[in-house]
Protein chains: 2
Amino acid sequence: MSMQEWIERKRDGGTLAREEIEALVAGLVRGEIPDYQTAAFLMAVYLRGMDEAETTALTSAMLRSGAALDLSAIAGAKVDKHSTGGVGDKVSLVLAPAVAACGGSVPMISGRSLGHSGGTLDKLESIPGFRVGLTLDELCAQVADLGAVFGAATSDLAPADRLLYRLRDATTTVASVPLITSSILAKKAAEGIDGLVLDVKTGSGAFMASPRAARELARSLVSTAERLGVRAVALITDMSQPLGAAIGNSVEVLEAIETLRGKGPRDLVELVTRLGAEMLLLAGLVPDLRVGRRRIARCLADGSAFRRFHSIVARQGGDVAAIENVGLLPRADLHTLIESPVSGYVRSIDCRALGAAACALGAGRRRMEDVIDHGVGLMCMRKVGDAVEAGEPLLLVLYNDAARCAAVRPALEAAYVIGAERPRARPLVRARLAGATCRERS
Amino acid sequence: MSMQEWIERKRDGGTLAREEIEALVAGLVRGEIPDYQTAAFLMAVYLRGMDEAETTALTSAMLRSGAALDLSAIAGAKVDKHSTGGVGDKVSLVLAPAVAACGGSVPMISGRSLGHSGGTLDKLESIPGFRVGLTLDELCAQVADLGAVFGAATSDLAPADRLLYRLRDATTTVASVPLITSSILAKKAAEGIDGLVLDVKTGSGAFMASPRAARELARSLVSTAERLGVRAVALITDMSQPLGAAIGNSVEVLEAIETLRGKGPRDLVELVTRLGAEMLLLAGLVPDLRVGRRRIARCLADGSAFRRFHSIVARQGGDVAAIENVGLLPRADLHTLIESPVSGYVRSIDCRALGAAACALGAGRRRMEDVIDHGVGLMCMRKVGDAVEAGEPLLLVLYNDAARCAAVRPALEAAYVIGAERPRARPLVRARLAGATCRERS
């Protein structure tokens, strides 16, 4: 154990050998490294970076610091998707059942909301009774039976990640490509998957707002995943405005259900179709992306994706009546409209501000101990490029606490920029980065 | 309190305002900032640096985090010297009584040995009964009565420095110019001095080995001291070989006593004279450095410096018999010689290796809890430039533990480089940097 030497080497821009990174992670898990040394190491990594080999070694050591799902008894390739986090991103709720309905196996271990970004587990818990705290055995069994599961990370999955993550916010070392890469992939690789699609967000609602940073992260994620034996593709997608209309928890479940029934908003359907096609291709279930997209579109149209979601909700203890009749989902008591002060076109939306406002209304957490109000949220009545007349609504605000609503109103009013000219349409998927093992076939 | 913001700003190379640094130090002293945030901050400062204004604000806030000596009742300027640490550096033991004998007031608060470098307090404790743990009142009274005191930092002097310093070794953030500057000057300024001479070491035995790093540190120390209202001069001095012959504790006291009696080794006498002249000039006791040097030389020759040392030892509880008859000082039971394998000239000495070997024999500490063996050490029988015949001694090793002696012997044998040609003599004082307030007069 010579944590000082490792900090010093990284401080000076040197590289750590695989064995050193393994010893570091082992020391961390055994509680032998004091937090202040870990913190200094994280800052040195933030400022000096890590090369591909170091990032892979760190990810691998974090993965092997705990248990992993054993899905080897399930035939065929197991695939999953990870998003770097955005606003109104309910893709997972639609994607997992859709891919499962097409024959894929999706062990989807998800996270909770933090900061301006929502969390899949919080959204699902809008459905009364829905249980996300499954054991490793329950997770495996459900993937075998239904092709998909939504679960929380158990405490024995990649424990080293929790030990590092807990310090990263307080030490402002979150936005580091090697640290993000290892944190994401250690947990995803612990799912025992063969293929992974990465949805790397860029734009005002993304954690890595600049296209350059998003591309760097995408490249690191894909190459590190492939070095760990997980075939990977990344799509860099636009998060300069919310995905779909709903931002919150029950409102997002409602929009996900509409999408699963073939009536989703255009951008959400497009992203589910693109990501789903990549997953089917990675799983070897389709010969190319075109067929994959068609297959996903069909399962949304023919009700098979919704039926799979229904089975998953039932299996995980959720009240299926609430997804058959969405009027039974929790809904805020009060609502108000934010109206456009002028006529014109929506030029841009401050996506992060909408996410932060939804969080402030109670839809998310500022600290892990905050309690979620599942019924509150926002509905975007206009998206970028839409025409709006003065006095027409831009946003519907669903709230339970008038003071909180009043507090966020100025930020909501400032979030929309209205101009005389319609802005140029931007593609939702801005780039695709395929790993070495995926390049020929896609 | 927003430690995260301050870490983030420093991480990104920004600067902190004086009020922010004050709030940070106040939070630190109140125990409100967890160690892991402090550690991340230290690493960000190490890698991003601090500008002059930030360094001054940090030093000032650390200074004001605790108590300070109030020497205002003593007439005339109070002056001190700080060395960045070397091997065989017993200058303080000679300098404080010499300057006091010339009419100066020297409240010398010193440190202990750590790593390869010795500590003034440990050396003085070779004198049976010598007490360094004085109260602030005792320190002040002794300066008033005798013109000099040797004391340990009390726990209420610059407590913020202790809180930071304790994390710096473990987080490898020691060798940072703004952190060294603030740590040194917060404690020195707390002595209530008007002028400070800085002995910044360069060469193989120094903490900042390269001349460039030494010059950068000297510049930072001088300009920060002056911004705090302490007139300052730095001498950049050679530490590529030990100062004098003795390395250890009682052996260094013995050599200091010889020097105080006018029989010191040439390099030690030169450095005491140069530093002492600067202190007398800063105190306004001499018109120029030439007169200052003559005054110091005279007090060493006429016994007045030794008599002052005698009074100081008596006042601090030390056994004066041991300084009158140095045979009473602790001395190791065993000794051995390291002999030159070839004839030639001493080309160079690995000064740090000698310091580390003396420490390993028991003269220093590797950890703060180690116990010092005051009688062990090294005597350099040859210095750089000296001629030596094969079989003649280079070093005398004084030890009590044969195993420790055997362990350091290979390093000692490798520390001297002997060559056919006499090396070019290097000046002991390599540069002088005077603060703005000192420039005209020197």
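All of these numbers come straight from a predicted model, not from anything done at the bench.

Caption draft 1: View of the packing of helix 9 (residues 177–189) of chain B against helix 10 (residues 211–227) of chain B. Residues and elements named next belong to chain B. Packing of helix 9 against helix 10 brings their axes to within 9 Å, and their N-to-C directions diverge by 45°. Classified by the interaxial angle, the pair formed by helix 9 and helix 10 is oblique. Helix 10 is crossed by helix 9, and the crossing has right-handed handedness. On helix 10, the residues that touch Val-177, Ile-180, Thr-181, Ile-184 and Leu-185 of helix 9 are Glu-216, Leu-217, Ser-220, Leu-221, Thr-224 and Ala-225.

Caption draft 2: Highlighting the sheet that holds strand 8 (residues 344–349) of chain A. All names here are of chain A. If you walk across this open sheet you meet the three strands as 10-8-12, and the pairing is antiparallel. Of all strands in the sheet, those bounded by a partner on one side alone are strand 10 (387–388) and strand 12 (416–419). Pairing between strand 8 and strand 12: four bridges, direction antiparallel. Following the sheet pairing, Ile-349 is matched in strand 12 by Tyr-416.

Caption draft 3: Quick look at unusual backbone geometry. Notably, Ala-158 of chain A is not glycine yet its phi reads approximately 40°, a positive angle. The topology assignment puts Ala-158 of chain A in the loop between strand 3 (148–152) and helix 8 (159–168). The buried category is assigned to Ala-158 of chain A, whose relative accessible area is 1%. Positive phi values are uncommon outside glycine, yet Thr-172 of chain B reaches one of about 55°. Positionally, Thr-172 of chain B belongs in the loop between helix 8 (159–168) and helix 9.

Caption draft 4: Spatial organisation of the domain arrangement of chain A. All names here are of chain A. When its domains are assigned, chain A resolves into domain 1 (3–49), domain 2 (79–324 + 428–441) and domain 3 (331–419). On a C-alpha basis, the centres of domain 2 and domain 3 stand 25 Å from each other. The interface of domain 2 with domain 3 comprises 27 residues on the first partner and 26 residues on the second. Carbon and sulfur atoms supply 56% of the area buried between domain 2 and domain 3, which totals about 2000 Å² over both sides. Taken as a group, His-116, Gln-241 and Ile-247 account for 26% of the area that domain 2 buries against domain 3, more than any other trio of residues on that side. Summed over the shared surface of domain 2 and domain 3, the result is two salt bridges.

Parameters at a glance
- Residues numbered from 1 in each chain as written.
- Chains lettered and ligands numbered in written order.
- Predicted model: local features only at pLDDT ≥ 70, side-chain atom pairs only at ≥ 80, totals over all residues.
- Heavy atoms only, no water.
- Axes fitted to C-alpha atoms, helices over the stretch in contact; angles between N-to-C directions.
- Helix = DSSP H or I, 4+ residues; strand = E, 2+ residues; numbered from the N terminus.
- Parallel < 35°, antiparallel > 145°, perpendicular 65-115°, else oblique.
- Left-handed = near helix turned anticlockwise from the far one by under 90°.
- Contact = heavy atoms within 4.5 Å.
- Pairing = 2+ DSSP bridges.
- Buried < 20%, exposed > 50% of the residue type's maximum accessible area, 1.4 Å probe, protein only.
- Domains from an automatic or database assignment.
- Buried area = accessible area lost by both parts, 1.4 Å probe.
- Salt bridge = Lys/Arg side-chain N within 4 Å of Asp/Glu carboxyl O.

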